[in-house]
Amino acid sequence: TGGLLAYAESNVENEKKLVEKNQLVSEKKRVVVLGTGWGGTSFLKDLDISSYDVKVVSPRNYFAFTPLLPSVTCGTVEARSIVEPVRNIIKKRSGEIQFCEAECLKIDTENNKVFCRSGINDNLVGHNDFSLQYDYLVIAVGAQVNTFNTPGVMEHCHFLKEVEDAQRIRRTVIDCFEKAVIPGLSEEERRTNLHFVIVGGGPTGVEFAAELHDYVHEDLVKIYPSVKDFVKITLIQSGDHILNTFDERISSFAEQKFQRDGIEVLTGCRVISVSDHFIDMKVKSTGQHVEVPYGMVVWSTGVGTRPFVKDFMGQVGQEKRRILATDEWLRVKGCNNVYALGDCASVDQRKVMEDISAIFKAADKDDSGTLSVEEFRDVLDDIIIRYPQVDLYLKNKHLLEVTDLFRDSEGNERKEVDIEGFKLALSQVDSQMKSLPATAQVAAQQGTYLARCLNRWDQCKSNPEGPRRFRSSGRHEFLPFRYRHLGQFAPLGGEQAAAELPGDWVSMGHSTQWLWYSVYASKQVSWRTRYLVVGDWVRRFIFGRDSSR
Ligand code: FAD
Ligand code: MG
Ligand code: MG
Ligand code: MG
Ligand code: MG
């Protein structure tokens, strides 16, 4: 073999030995999965459980289709329509997956155990502690809201992370209207009650603002006509633009649409604290403090690490990191047999420059001390699998041929390079590394990837030389995880949406909203939820949204 994937192979070999050792202890390997969100359920859906004894721990016994949470806040879609019981999802013909409605409190990597507590949701019964033994642990617990320690946020703001949050927001919006029409209030007080503030101009904040605007102007003003001119929606963003992870065209389209709609967008502003009636906000450019009275605040900025994951990071020598790190095979760094995926972890992509000498040596097949264009071309595919940034670099620089990489400083083509020349040629590729976004798309692809690895693990044992497909090419069967970006949507209200699709394709407007409807209908986890969601959309078109509290 070329040896380029040597790093990977040695690790997999080690784990294979471990597997064989464990094999003596119990027949089926015990897999414990923490979390039933996007990552956890996609893993469970694809896992072949005939060779594993699988236990799932999650404090919620359902999967929630988070992209439709903003629609739940305004009753466009009902909460019940976007959740699917975990037990339905994990029902399998080939065996049983055990589910425990509990929260994991601690991971003990020394003894391969997790400690859990059930009954946290249930105040009446009290809780029950138990532990589970694992051979493989899959951590897919997602992230929690991040207040950046801003005073008052926990106490006074709404979040939009869980189904309960969305339902609470829905009730509060109606409450604000009911409070605003109480007799005897001053106009100022009515305005304050109807001031809806969203902190955070990312996709969730923007979508919620748009959804709320539609709800207010299509439904609520008709039933609360006396206060319709007092309603105001404000979006506070600390950066210079909203939707700044999207293409510039989308972000300015959104800003213009919001301006036309009368949604005020305050960019370059930071929330300093939140009290029960005011937001204290600082305008970054002038340093000036502004007090903003509000009726309701929705806090929708970044996500943070859960405390028990932080604690676990300390155990495995990752205390200095902000987020749990795994290698490209989704193995948690610093321990064995623990995998992490989705929002709770991030893949630490290895740099080309760290391995440059090894790559050069492996590629230089004739040991001539120089690398010819042909030698490099032979290994490029392997390099790209191991270091996807090389592929991005070639694409972004519009380099079509390997020879383009080998050009000298005057732009002349070279037939071969020595190690120094090779270092120079690849010196810029690591700048293309980007951490993966915290999205459902990433979590789901990682879940599927990991399930396939575990499914094949068993095949490997009965067929140690590996499937023929890989044998001939000399490649190992466990390729690193590779993310495929399928694009992203930003619904902007008024039956309009923006989308960014692969190949630098941007589309905006009404037709994109229809694309959005069809994509999100097709992505539903079951026919049942698909039927319910589409039914809700139809109901909304015909009757409008429900506005009872
Ligand atoms: P989650 O889906 O959050 O799942 C975490 C699971 O772990 C949950 O089941 C939770 O109950 C469980 N858990 C928590 N603590 C514990 C514990 N101690 N022990 C055991 N289990 C635990 N992404 C997109 O790609 N497109 C979108 O349009 C989109 N829209 C979004 C809209 C909103 C309002 C939100 C909040 C998110 C949106 N996302 C979207 C992001 C997407 O939801 C997340 O990236 C995705 O959920 C991450 O999956 P996960 O499995 O890592 O975590
Ligand atoms: Mg999950
Ligand atoms: Mg989820
Ligand atoms: Mg992640
Ligand atoms: Mg050579």
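Above this note sits the structure.
Rules used throughout
Residues numbered from 1 in each chain as written. Chains lettered and ligands numbered in written order. Predicted model: local features only at pLDDT ≥ 70, side-chain atom pairs only at ≥ 80, totals over all residues. Heavy atoms only, no water. Buried < 20%, exposed > 50% of the residue type's maximum accessible area, 1.4 Å probe, protein only. Helix = DSSP H or I, 4+ residues; strand = E, 2+ residues; numbered from the N terminus. Pairing = 2+ DSSP bridges. Axes fitted to C-alpha atoms, helices over the stretch in contact; angles between N-to-C directions. Expected span 1.5 Å × (residues − 1). Arc of directions from axis to C-beta. Contact = heavy atoms within 4.5 Å. Parallel < 35°, antiparallel > 145°, perpendicular 65-115°, else oblique. Left-handed = near helix turned anticlockwise from the far one by under 90°. Nonpolar A, V, L, I, M, F, W, Y, C, P; charged D, E, K, R; others polar. Salt bridge = Lys/Arg side-chain N within 4 Å of Asp/Glu carboxyl O. Near = heavy atom within 4 Å. Polar contact = N/O pair within 3.5 Å; in protein donor to acceptor, adjacent residues only side chain to side chain. Areas by Shrake-Rupley, 256 points an atom, 1.4 Å probe, with all protein chains shown as cover.

Peer 1: Would you mind going over the pairing of strand β8 (residues 136-139) with me for this structure?
Peer 2: Looking along a regular strand, one sees the side chains alternate between the two faces of the sheet. Where burial is concerned, the two faces of β8 agree: the one with Y136 and V138 and the one with L137 and I139 are both buried. Both strand β1 (residues 29-34) and β8 contribute to a ladder of four bridges, which runs parallel. Each bridged residue has a counterpart across the sheet, and for V33 the counterpart in β8 is V138. As judged from the three bridges shared by β8 and strand β20 (residues 338-340), these two strands associate in the parallel manner. In the sheet register, L137 faces β20, and the bridge partner there is V338.

Peer 1: Whenever I open this one, the sheet that holds strand β15 (residues 278-283) confuses me. Can you help?
Peer 2: Paired through backbone hydrogen bonds, the strands of a sheet run either parallel or antiparallel to each other. Reading across the sheet, the three strands line up as β14-β15-β16 and stay open at both edges, with antiparallel pairing between neighbours. Lying at the two open borders of the sheet, with one neighbouring strand each, are β14 (269-274) and β16 (289-293). Here the strands of the sheet are splayed against their neighbours by 30 degrees on average, with no regard to which way each runs. In this structure, β14 lies alongside β15, joined through five bridges in antiparallel fashion. Of the residues in β15, the one forming a bridge with R270 is K282.

Peer 1: Please explain helix α19 (residues 527-543) as it appears in this structure.
Peer 2: Helical periodicity: at 3.6 residues per turn, an α-helix aligns residues three or four positions apart in one direction. With 17 residues, α19 should reach 24 Å at 1.5 Å per residue; the first-to-last C-alpha distance of 24 Å fits that figure. Every buried residue of α19 is accounted for by T529, R530, V533, D536, W537 and R540. Projected down its long axis, α19 shows its buried positions confined to an angular sector of 130 degrees, all on one face. Exposed residues pointing more than 90 degrees away from the buried face of α19 are listed as W527, Y531, I542 and F543. Buried residues along α19 sit in contact with β4 (83-85), α8 (203-223) and α18 (510-522). Directly beyond the C-terminal end of α19, a positive phi value near 80 degrees is found at G544.

Peer 1: Sorry, what's going on with the packing of helix α6 (residues 163-180) against α8 here?
Peer 2: When two helices pack together, their arrangement is given by the angle between their axes and by how far apart the axes lie. At a minimum axis separation of 13 Å, α6 and α8 run at an interaxial angle of 45 degrees. Here α8 runs oblique to α6, going by the angle between their axes. With respect to the hand of their crossing, α6 and α8 are arranged in right-handed fashion. From α6, I169, V173, I174 and F177 reach across to α8, where they touch F208, L212, Y215, V216 and L220. Broken down by class, the residue content of the contact of α6 with α8 amounts to nine nonpolar, no polar and no charged.

Peer 1: Could you clarify how one ought to interpret the environment of K91 in this entry?
Peer 2: If you trace the backbone, K91 turns up in the loop between α4 (86-90) and β5 (97-108). In this structure the C-alpha to C-alpha distance between K91 and F43, which are 48 residues apart in sequence, comes to 13 Å.

Peer 1: Can you walk me through the pattern of salt bridges in this structure?
Peer 2: Side chains that carry opposite charge are capable of pairing whenever their charged atoms lie near each other. Enumeration over the complete set of coordinates arrives at 28 salt bridges. The partner of K333 in a salt bridge is D348, with the nearest N and O atoms 3.2 Å apart. One end of the pair, K333, is in the loop between β19 (324-326) and β20; the other, D348, is in the loop between β21 (345-347) and α11 (356-363), with 15 residues separating them in the sequence. Residue R539 pairs with D536 through a salt bridge whose shortest N-O separation is 3.5 Å. Here R539 and its partner D536 are both found in helix α19, three residues apart, which amounts to about one turn of the helix. With relative accessibility at 23%, the residue R539 sits in the partly exposed group. Residue class for D536 comes out buried when judged on its relative accessible area of 8%. Within this structure, E211, E218, D219, E495, R540 and R545 form a network of salt bridges that share partners.

Peer 1: Any chance you could explain the site of ligand 1 here in plain terms?
Peer 2: The local shell around ligand 1 holds 31 residues, among which G39, T66, C104, D343 and T439 are the closest. At 3.2 Å from an oxygen atom of ligand 1 is found a main-chain nitrogen or oxygen belonging to A438. Against a free-state accessible area of 1000 Å², the protein chains account for coverage of 88% of ligand 1. Put simply, the parts of the chain that give the shell around ligand 1 at least two residues each are α2 (38-46), β2 (52-58), α3 (69-72), β5 and α16 (440-462). Among the elements that take part in the shell around ligand 1, α16 stands out by supplying three residues, more than any other.

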